[in-house]
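Now for the letters of each chain:
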Amino acid sequence: MQKVELNGKSILVTGAAGFIGSNLVKRLFQDVKDATIIGIDNMNDYYDVSLKDFRLDGLNGLNGLNDNQWEFVKGDIADKATIDGIFEKYQPQVVVNLAAQAGVRYSITNPDAYIQSNLIGFYNILEACRHSYDEGGTGVEHLVYASSSSVYGSNKKIPYSTDDKVDNPVSLYAATKKSNELMAHAYSKLYNIPSTGLRFFTVYGPAGRPDMAYFGFTNKLVKGDTIQIFNFGNCKRDFTYVDDIVEGVVRIMQGAPEKKVGDDGLPVPPYAVYNIGNNQPENLLTFVDILQQELIRAKVLPADYDFEAHKKLVPMQPGDVPVTYADTSALERDYGYKPSTSLRNGLRAFAEWYAAFYQK
């Protein structure tokens, strides 16, 4: 593994107003010194833009902290000229690609958004990384990008290991994330670009995505609507708290796959993929029970809330999988890290944030 120094570097974070992206930028400002951190986000309205504005507002006051400089570009990674312009102006040495059209169900009704952002957008990032080496340039030292636990599809073997075959996606979203891994591998092989893909497992926490179950459930319960629990409550998810995800990303940014030459005299692709998950799947019914307890504790719901009257068990949705479960042994081995935030602590932080944000 090749150590990557982050201090004093130019770091590009795509999807910077997103849930993981904004938390990552905040963390970089705390930990890194004398860096230029460039964020790009198209601020689309896939979900409530006021949440993206809230996250962005939290970043705009960071300039000068640890002598770091924050530059935000409102733009789309699917626009090649925008990406090329950023690379030309800032010459990023570390790139973290988190911009993507997220969500399994939305990919069934709006496939175009996934092709644009997840395929064309990622291609533009890869091409810009490739050309960062032109004319003897030092180039990008490490490309880190978001993949997803969705790539495991309907794999029966659990926990999911990065050594498993992942050739059977059950949604277009999953197919685009698997495609990202394939594209990154090809570029790593052809152009010796160190790249690491991260398969995130059900990320949750304060100021998260409203299309995620815990957030959507909360919105419905607050309105007195009924929530639907899929697969009759028999789904299990490896829920991973956002701070644990960010900790993993920051560690991985600092350790790139090593450049090596094979027996054929050509580069051995400096390429890796890791799971970042809690390694502890929870039943959806348990999750929802803890969520409602914490919502009552945070006074988002009244103490006498009749939870049973507001839940309905329904069949599985197309594109969903019954279980996600991360094997994180490679992450522990290579980076000495294992996510550990308990579901109760994570949902408590979410409930307290929700109360402050929506009920002030």
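Up top is the structure these notes are about.
Predicted model only: the values in this text are computed from it and were never measured.

Right, let's talk about the environment of Ile 120 for a bit. Looking at the secondary structure, you find Ile 120 in helix H5 (residues 111-131). Between the C-alpha atom of Ile 120 and that of Ile 77, which follows or precedes it by 43 residues, the distance is 8.1 Å. Apart from the residues lying within four places of it in its own chain, the contact partners of Ile 120 are Ala 78 and Ile 115.

Moving on: the pattern of salt bridges. A complete count under the given rule lists 15 salt bridges for this structure. Among the ionic pairs, Glu 127 bridges to Arg 130, the shortest N-O distance being 3.0 Å. Placement of both Glu 127 and Arg 130 in helix H5 is noted, with a separation of 3 residues, approximately one turn of the helix. Glu 127 sits in the buried class, given a relative accessible area of 7%. For Arg 130, a relative accessible area of 27% gives the class partly exposed. The salt bridge involving Asp 167 is made with Lys 165; its shortest N-O contact spans 3.0 Å. Here Asp 167 falls in the partly exposed class, since its relative accessible area comes to 45%. Judged by its relative accessible area of 65%, Lys 165 is exposed. When salt bridges with common partners are traced through the structure, they connect Arg 27, Asp 31, Glu 247 and Arg 251 into a single cluster.

Further remarks concern helix H8 (residues 242-253). Helix length check: H8 (12 residues) gives 16 Å between terminal C-alpha atoms against 16 Å at 1.5 Å per residue, within 8%. The buried count for H8 comes to 10 of 12 residues, which makes it a mostly enclosed element. Of all the residues in H8, the buried ones are Val 242, Asp 244, Ile 245, Val 246, Glu 247, Gly 248, Val 249, Val 250, Ile 252 and Met 253.

Moving on, we get to the nonpolar core. By size, the foremost hydrophobic cluster in this structure holds 76 residues, and its most contacted members are Leu 24, Leu 28, Phe 200, Tyr 214 and Met 253. Looking at which element gives the most residues to this core, the answer is helix H11 (residues 343-358), with 8 residues. Look past the residues within four positions of Met 253 in its chain and what remains in contact with it is Val 4, Leu 6, Ile 11, Leu 24, Leu 28, Val 94, Val 96, His 142 and Val 144.

Criteria and cut-off values
- Residues numbered from 1 in each chain as written.
- Predicted model: local features only at pLDDT ≥ 70, side-chain atom pairs only at ≥ 80, totals over all residues.
- Heavy atoms only, no water.
- Helix = DSSP H or I, 4+ residues; strand = E, 2+ residues; numbered from the N terminus.
- Contact = heavy atoms within 4.5 Å.
- Salt bridge = Lys/Arg side-chain N within 4 Å of Asp/Glu carboxyl O.
- Buried < 20%, exposed > 50% of the residue type's maximum accessible area, 1.4 Å probe, protein only.
- Expected span 1.5 Å × (residues − 1).
- Core = buried A, V, L, I, M, F, W, Y, C linked by side-chain atoms within 4.5 Å.

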